[in-house]
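Each chain is listed here by its residues.
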Amino acid sequence: MDYVPGYIGLKITNVPSWANCISIMRKYSSSSIAEIRNCIDQNAYILLSPSINTSGIKKIRKCYDELLKNNISAEIYEQYETEELISRQLLSNLIDSHSITDKEVNDAINSETE
């Protein structure tokens, strides 16, 4: 997957066990084994989600955690004007921020309809 502004992406950087890696990735992606391997070999994004899509970002975080738990190195990137490596904590903060915004919007809607 190519660079796309306004997205969060996941790259796999080191694969000690291809079978284990492919097995994990098939849980999170409908890509074929060849496509998964090709993305990894080309240092391309294996998962990509709009930065405003909370469920997509949660999926990336969950996949990232599972990969690391299985000793597979991965990196999370934020894409806006440039491609920037970000931490899992920053990703979690983004998810929390989305939850707070969703709650505030729902509260505002509910107060207007009362």
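It should be noted that the structure appears before, not after, this text.
Residues numbered from 1 in each chain as written. Predicted model: local features only at pLDDT ≥ 70, side-chain atom pairs only at ≥ 80, totals over all residues. Heavy atoms only, no water.

(A) Summary view of the packing of helix α1 (residues 18–28) against helix α2 (residues 33–41). Interhelical geometry of α1 versus α2 gives an angle of 110° and a closest axis separation of 10 Å. Judged on the interaxial angle alone, α2 and α1 are roughly perpendicular. Both α1 and α2 take part in a crossing whose hand is right-handed. In this structure, α1 contributes W18, C21, I22, M25 and R26 to the contact, and α2 contributes I33, I36, R37, I40 and D41. Here the contact of α1 with α2 is composed, by residue class, of seven nonpolar, no polar and three charged. (Axes fitted to C-alpha atoms, helices over the stretch in contact; angles between N-to-C directions. Helix = DSSP H or I, 4+ residues; strand = E, 2+ residues; numbered from the N terminus. Parallel < 35°, antiparallel > 145°, perpendicular 65-115°, else oblique. Left-handed = near helix turned anticlockwise from the far one by under 90°. Contact = heavy atoms within 4.5 Å. Nonpolar A, V, L, I, M, F, W, Y, C, P; charged D, E, K, R; others polar.)

(B) Region of the structure containing α2. Along α2, the residues classified as buried are I36, C39 and I40. All buried residues of α2 fall inside an arc of 95° around its axis, so they share one side. Exposed residues lying more than 90 degrees from the buried face of α2 are A34 and D41. Taken together, the buried residues of α2 touch β1 (7–14) and α1. Where α2 terminates, the next one or two residues include N43, which has phi positive at roughly 55°. (Buried < 20%, exposed > 50% of the residue type's maximum accessible area, 1.4 Å probe, protein only. Arc of directions from axis to C-beta.)

(C) Layout of the state of the cysteines. Enumeration over the complete set of coordinates arrives at zero disulfides. Cysteine C39 is unpaired, with the sulfur of C21 as its nearest cysteine sulfur at 11 Å. Judged by relative accessible area, which is 16%, C39 ranks as buried. Summary of cysteine pairing: C63 is not part of a disulfide, and the nearest cysteine sulfur, belonging to C21, is at 8.2 Å. (Disulfide = S-S within 2.5 Å.)

(D) Broad picture of the pairing of β1. When β1 meets strand β2 (residues 47–50), the two strands line up antiparallel, connected through four bridges. The partner of I8 across the bridge, within β2, is S49. Alignment of β1 against strand β3 (residues 73–79), held across seven bridges, turns out to be antiparallel. Residue N14 lies in a different strand from β3, and its bridge partner there is S73. (Pairing = 2+ DSSP bridges.)

(E) Region of the structure containing the packing of α1 against helix α3 (residues 54–69). Packing of α1 against α3 brings their axes to within 10 Å, and their N-to-C directions diverge by 165°. When the axes of α1 and α3 are compared, the pair comes out roughly antiparallel. Judged by the twist between their axes, the crossing of α1 over α3 is right-handed. Of the residues in α3, those touching α1 at I24, M25, K27 and Y28 are K59, K62, C63, E66 and L67. Here the contact of α1 with α3 is composed, by residue class, of five nonpolar, no polar and four charged.

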